[in-house]
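# Structural overview
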Amino acid sequence: MAGIVSFGAYIPWYRLSRQTILWTMGWFNPAVLLPGKKAVAGYDEDSITMATEAGVDCLNGFPREKIDALYFATTTAPYKERQNAGIIAAALDLREDIRTADFTDSVKAGTTALLSAYEAVLAKGAAQVLVAAADTRLGKMGSAQEHYFGDAAAAFLLGEENVIAELKGFYSLAYDFVDHRRAQKDVFDRSWEERWMRDAGYTKFIPQAIAGLLKKYGLNISDFAKVVYTCPYNREHAAIGKKLGLSPEKIQDNLMSEVGDAGAAYALLMLAAALEEARPGDKILAVSYGNGCDALYFEVTEEILKRWDCKGVRGHLAEKNDLGSYEKYAVFKNMLPLEVGIRGEEIAPTQLSTLFRERKSVLGLCGVRCQKCGTPQFPAQRICVNPGCGAVDKMEEYRFSDKKGRLFTYTADRLAASLNPPAIYGIVDFEGGGRYMFDLTDCEQDALKVGMPVRMSFRRKYIDEARGVYGYFWKAVPLREER
Amino acid sequence: MAEGIKDKVAIVGMGCTQFGELWEKSAEDLMVEAFLEALEDAGIEKKDIQAAWLGTCFEEINVGKSALPLAMTLKLPFIPVTRTENFCATGSEAFRGACYAVASGAYDIVLALGVEKLKDTGYGGLPEFGSALGGKPRLIFPNVTAPGAFAMMATRYFDKYGLDPQEGKLTLAKISAKSHRNGALNPKAHLRREVTVEQIMKAPIIAWPLGLFDCCGVSDGAAAAIITRPEIAKKLRPDPVYVKALQIAASSGEELMYTGWDGAHVETTYRAAARAYQEAGIKNPREELSLIEVHDCFSITEMVTYEDLQISPRGRAKEDIDAGFYELGGQIPCQSDGGLKCFGHPIGASGLRMIYEVYKQLQGKAGPRQIKNPRLGLTHNLGGFPGMSVCSIVILGN
């Protein structure tokens, strides 16, 4: 039996009310009247960091040694050359003798990656494959897309043991249907007429893919407990379900009121939300959309009842912070130049040979633990930092990224360069030992207290535009609920 | 055990420029001025100097690397010249090199000079530390500024000793107000204006909980000392000042990476001071010291230093601050010249500037801020951040 062993999600902390967009850009484009909010990646997030976060959520409590491949799906990969999946694999501290690949160019890439992972497992090419999908698509100021697009990520672990949802069938369609496009140099989405996208795209291909799958496996739509299909247009989303004969409770919510169209992560995020509510025996149909469709059919097993509690879609939806200002959004998205001052302009070159040598520390947040006295320490030391020990070369590798910590002290610094001042940073004492200084993110100064619990989150530390380098490292995020 | 250098070296001449935003002066001008004052004070000629140490911190944007800027600016005649750097403790490091060279018997008369031209960097505050940290830390260390690094110690101190933020800030404000009063009396100081505790409390926040007046001046300036053996010193002037102790402690890494440190004090200060008291034969610093010049880069640094120097008991500096213990007329005046707060903080010069003040006070030449009959003075020069620091303690006496 091959299928989903675990899943996780990531939705950034920031939400932008579409009303806020309308207030600022309505003078130019008053025509988009979409209710709700969209999820917005922070200034220190991109599809790599969000996919990593979803991966962390998915792997919570799972041994990482069994994973033989990592597939990353996105249409907003930070790098064209330097494999994005490789950065995520290093951040997740996966084994180095694994296969990594980027699935890209279409927003259906998330399900395509998942199907490829399934096939790798089925063919015994890999014991487990982690699929992480994330997108941060950008609509131009004043476009409809900036209302529709949201930022999010989802991750799925596929394997043959302890499967919570067996993947029982699939059916795909490929059309060169150019509703959205971005050429090599494009930062912003370009699209054709919206009516054509809705009437000749979503409402045609999704039913066609579903019909194809039902026919292929001799199933009836009424066999399914939940049907997932991505359509950001609320009216059309409902209409497709109605046309299929689905009662409203069988249609998975399209997440437009809180997240938005999350591109390559969209279908997987909705699938994760469906699994959070699923019971053993449920059949789930999931359909992605983008230059065609992938339709996937799952059957939930008894294993789902044993599942630990990941944060998932539900947990992430519950934690949010209104971004409040469109201008801040525009700065976070690098659409408006900001006076970052001389401190912000000064970025020293990234020593890539150093980065590779220190990849375990920098990307994986791995330090060491002294085998003599048991003291965890970051970054890796050869001589034990415990003043009562001082053992030399008695270290074993020790991962901090999955450890919680306590905020030992902090400050909110208005002098330090930041796109979201004040720059908040502090010292973290890890549960089980280890201390280091970290930036804090996704928090406000007034909510901080000495001793409060924090977790670690993979973030973009800096961008060196002149040299084309994104610097990644880990930051501390206050735990809003003790879990 | 090594016996140390107590009374083995003496200062016979010192110079210190005006500190401030000296837009019209170059680092070379400042070096020449400090040097000429020191020569004149010592009553010697340039040819008498046998070796020299230059202290400068942000060298790439200042005078340049190596000792050549000092040697070539002063036209030192092919003598050994060495550049030292140890973050904000740089000036003391130059002084240390010079003292040890004399104490070893290698030279008779040497020069230590520190200079910094911060106002050519384009920064308000100190320049970015990024490149100072090295390649690997840069990949993982937060974008820390000096006020932020020390603000974290205030957060910790307030939490540990149960001061609510307003109470804590008020105590810190009293420290800064005192230094402004003293600085107003010092013609060479960068900031010569008294400010009230209310003004300090209302100032904009730089790095919570520290506001603008919790931070020291960022200045240009230079200071110099001429050091020799006691027998030569006595021939040169009637009132040489003797080095009673000179200690430096550098962090071992345990503060930042091990969980033993409380974050509310600076371990290197405590260690260096304890060793210096031993070297100088001081049993009770609270009773024996006449004045102290501490590294008040931020008000909180001065506050924890009172405790790290074992003058105020742990957690109780506030009582001494409230009682005026460290005021100019108090039992141990601190920052009689205004300190880093108001005299200013040209990094490479600061350690020598502190020594300059103690030297002048011990000689009774401190003008309107003169302390009555001082016997022993201490300087505390701190580099780096509270959790990873270099501390120099110098004890001087007549």
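Rules behind the numbers
Residues numbered from 1 in each chain as written. Chains lettered and ligands numbered in written order. Predicted model: local features only at pLDDT ≥ 70, side-chain atom pairs only at ≥ 80, totals over all residues. Heavy atoms only, no water. Helix = DSSP H or I, 4+ residues; strand = E, 2+ residues; numbered from the N terminus. Rg over C-alpha atoms; globule rule 2.2 N^0.38 Å. Contact = heavy atoms within 4.5 Å. Areas by Shrake-Rupley, 256 points an atom, 1.4 Å probe, with all protein chains shown as cover. Buried < 20%, exposed > 50% of the residue type's maximum accessible area, 1.4 Å probe, protein only. Lys, Arg positive; Asp, Glu negative; His and termini not counted. Charge placed at Lys NZ, Arg CZ, Asp CG, Glu CD. Pairing = 2+ DSSP bridges. Axes fitted to C-alpha atoms, helices over the stretch in contact; angles between N-to-C directions. Salt bridge = Lys/Arg side-chain N within 4 Å of Asp/Glu carboxyl O. Buried area = accessible area lost by both parts, 1.4 Å probe. Polar contact = N/O pair within 3.5 Å; in protein donor to acceptor, adjacent residues only side chain to side chain. Expected span 1.5 Å × (residues − 1). Disulfide = S-S within 2.5 Å. Parallel < 35°, antiparallel > 145°, perpendicular 65-115°, else oblique. Left-handed = near helix turned anticlockwise from the far one by under 90°. Nonpolar A, V, L, I, M, F, W, Y, C, P; charged D, E, K, R; others polar. Domains from an automatic or database assignment. Core = buried A, V, L, I, M, F, W, Y, C linked by side-chain atoms within 4.5 Å.

Assigned secondary structure in chain B consists of 16 helices and eleven strands. For a compact globule of 398 residues, the expected C-alpha radius of gyration is about 21 Å, and chain B comes in at 19 Å, within 12% of that figure. Sequence separation of 24 or more characterises 78% of the internal contacts of chain B that already satisfy a separation of 6 or more. In the form shown here, chain B has an accessible surface area of approximately 13500 Å², with 53% of it arising from carbon and sulfur atoms.

This part covers the overall build of chain A. A count of helical and extended segments in chain A gives 13 helices and 22 strands. A compact globule built from 483 residues would reach a C-alpha radius of gyration of about 23 Å, and chain A, at 22 Å, matches this within 12%. Considering only C-alpha atoms, chain A reaches an extent of 70 × 55 × 40 Å along its principal axes. Within chain A, the proportion of its 483 residues that are buried is 61%. Restricting the contact set of chain A to residue pairs at least 6 apart, pairs at least 24 apart contribute 72%. Accessible surface computed for chain A: about 19100 Å², of which carbon and sulfur atoms make up 51%. Taking the average place of the 61 positive charges on the side chains of chain A and the average place of its 63 negative ones, the gap between the two points comes to 1 Å.

Here we take up the sheet that holds strand β11 (residues 226-229) of chain A. Residue and element names in this part refer to chain A. Within the open sheet, the nine strands sit side by side as β5-β4-β6-β7-β1-β8-β13-β12-β11. Their pairing is mixed. Single-partner strands in this sheet number two, and they are β5 (99-104) and β11. Put simply, the sheet's adjacent strands are angled 20 degrees from each other on average, direction ignored. One ladder, built from seven bridges, connects strand β1 (residues 3-10) with strand β7 (residues 152-159); its direction is antiparallel. Bridge pairing in β7 links I4 to L158. This element, helix α6 (residues 194-217), spans β8 (165-174), β11, β12 (283-289) and β13 (292-300) of the sheet and lies at about 130 degrees to β8.

This paragraph deals with the pattern of salt bridges. All names here are of chain A. By the definition in use, this model includes 62 salt bridges over all chains. A salt bridge links K283 to E299, with the nearest nitrogen and oxygen atoms 3.4 Å apart. Taken together, the positions of K283 in strand β12 and E299 in strand β13 put the pair 16 residues apart, joining distant regions of the chain. Since its relative accessible area comes to 22%, E299 is described here as partly exposed.

Here we come to the interface of chain B and chain A. Contacts between the two partners involve 39 residues from chain B and, on the opposite side, 45 residues from chain A. Summing both partners gives a buried area of about 3800 Å² for chain B against chain A, and 63% of it is carried by carbon and sulfur. Together, L139, I140 and M257 of chain B form the three largest contributors to the area buried by chain B at its contact with chain A, with a combined 20%. There are one salt bridge connecting chain B and chain A. Between E358 of chain A and K136 of chain B there is a salt bridge, with its nearest N and O atoms 3.4 Å apart. Linking chain B to chain A there are 18 residue pairs in polar contact (both at pLDDT 80 or more).

Okay, helix α4 (residues 109-122) of chain A next. All names here are of chain A. With 14 residues, α4 extends 20 Å between its outermost C-alpha atoms, agreeing within 8% with the 20 Å of an ideal straight helix rising 1.5 Å per residue. Buried residues dominate α4, accounting for ten of its 14 residues. When α4 is considered as a whole, its buried residues turn out to be A109, G110, T111, A113, L114, L115, A117, Y118, A120 and V121. Backbone geometry just downstream of α4 places K124 in the positive-phi region, at approximately 60 degrees.

What follows covers the pairing of strand β4 (residues 109-117) of chain B. Residue and element names in this part refer to chain B. Judged by how many residues are buried, β4 sits mostly within the fold: nine of nine residues are covered. Of the two faces of β4, the one carrying I109, L111, L113, V115 and K117 and the one carrying V110, A112, G114 and E116 are both buried. Where strand β2 (residues 51-55) meets β4, five bridges bridge the pair, whose relative direction is parallel. What sits directly across from A51, in β4, is V110. In this structure, β4 lies alongside strand β7 (residues 220-228), joined through nine bridges in antiparallel fashion. Looking at β7, one finds that K117 is bridged to D220.

Right, let's get into unusual backbone geometry. Residues and elements named next belong to chain A. Omega for the bond connecting F378 with P379 falls within 30 degrees of zero, at -10 degrees, which places this linkage in the cis form. Mapped onto the elements, P379 comes out in the loop between β16 (376-377) and β17 (395-399). Cis geometry marks the peptide bond from P421 to P422, where omega comes out at 0 degrees. Residue position: P422 is located in the loop between β18 (405-413) and β19 (423-430). Of note, the phi angle at D393 is positive, near 55 degrees, even though the residue is not glycine.

Each strand in a sheet pairs with its neighbour through backbone hydrogen bonds, running either in the same direction (parallel) or in the opposite one (antiparallel). Residue and element names in this part refer to chain A. Pairing is antiparallel in the open sheet, where three strands are placed in the order β16-β15-β17. Of all strands in the sheet, those bounded by a partner on one side alone are β16 and β17. Summarising the sheet, strand β15 (residues 366-370) and β16 pair through two bridges and their orientation is antiparallel. Of the residues in β16, the one forming a bridge with V368 is Q377.

Moving on: the state of the cysteines. Residues and elements named next belong to chain B. Applying the stated criterion to the full structure yields zero disulfides over all chains. With no disulfide of its own, C99 lies 16 Å from the sulfur of C391, the closest cysteine sulfur. Summary of cysteine pairing: C334 is not part of a disulfide, and the nearest cysteine sulfur, belonging to C342, is at 12 Å. The exposure class of C334 is buried, given its relative accessible area of 0%.

Residue and element names in this part refer to chain B. By secondary structure assignment, the location of S350 is in helix α16 (residues 347-362). Since its relative accessible area comes to 0%, S350 is described here as buried. Looking at S350, its side chain comes within polar contact range of the side chain of H345, at 2.6 Å. Apart from residues no more than four positions distant in its own chain, S350 is found in contact with L340, G344 and H345.

Residue and element names in this part refer to chain A. Looking at the secondary structure, you find G3 in strand β1. Separated by 94 residues in the primary sequence, G3 and D97 have C-alpha atoms spaced 23 Å apart. Setting aside its immediate chain neighbours within four residues, G3 contacts L157, L158, G159, V163, A165, E166 and L167.

Looking now at the packing of helix α2 (residues 47-59) of chain A against helix α3 (residues 84-91) of chain A. All names here are of chain A. At their nearest, the axes of α2 and α3 sit 9 Å apart, and the two run at 40 degrees to each other. When the interaxial angle is binned, α2 and α3 end up oblique. Between α2 and α3 lies a crossing whose hand is right-handed. The residues of α3 that touch α2, namely those facing I48, A51 and T52, are N84, I87, I88 and A91. A breakdown of the residues in the contact of α2 with α3 according to their chemical character gives five nonpolar, two polar and no charged.

A separate point is the domain arrangement of chain A. Residue and element names in this part refer to chain A. What the domain assignment reports for chain A is domain 1 (3-332) and domain 2 (403-478). Taking only C-alpha atoms into account, the centre of domain 1 sits 28 Å from that of domain 2. Taken together, domain 1 and domain 2 are joined by five salt bridges. The partner of E53 in a salt bridge is R455, and the shortest N-O contact between them spans 2.9 Å. Along the contact surface separating domain 1 from domain 2 lie 16 residue pairs in polar contact (both at pLDDT 80 or more). Counting only elements with at least two residues in the side of domain 1 that touches domain 2, the list comes to α2, α3 and α10 (326-332). Taken together, the residues of the side of domain 1 that touches domain 2 sort by class into twelve nonpolar, three polar and six charged.

Judged by nonpolar contacts, the single largest core of 131 residues is most densely connected at I292, I300 and I395 of chain B. Sorting elements by how many residues they give to this core places helix α6 (residues 146-160) of chain B first, with nine residues. Setting aside residues no more than four positions away along its own chain, I395 of chain B makes contact with Y242, V243, K244, A245, A276, Y277, A280, I282, L376, G377 and L378 of chain B. One finds I221, L244, I251 and Y266 of chain A within the second-largest nonpolar core, a separate group that totals 86 residues.

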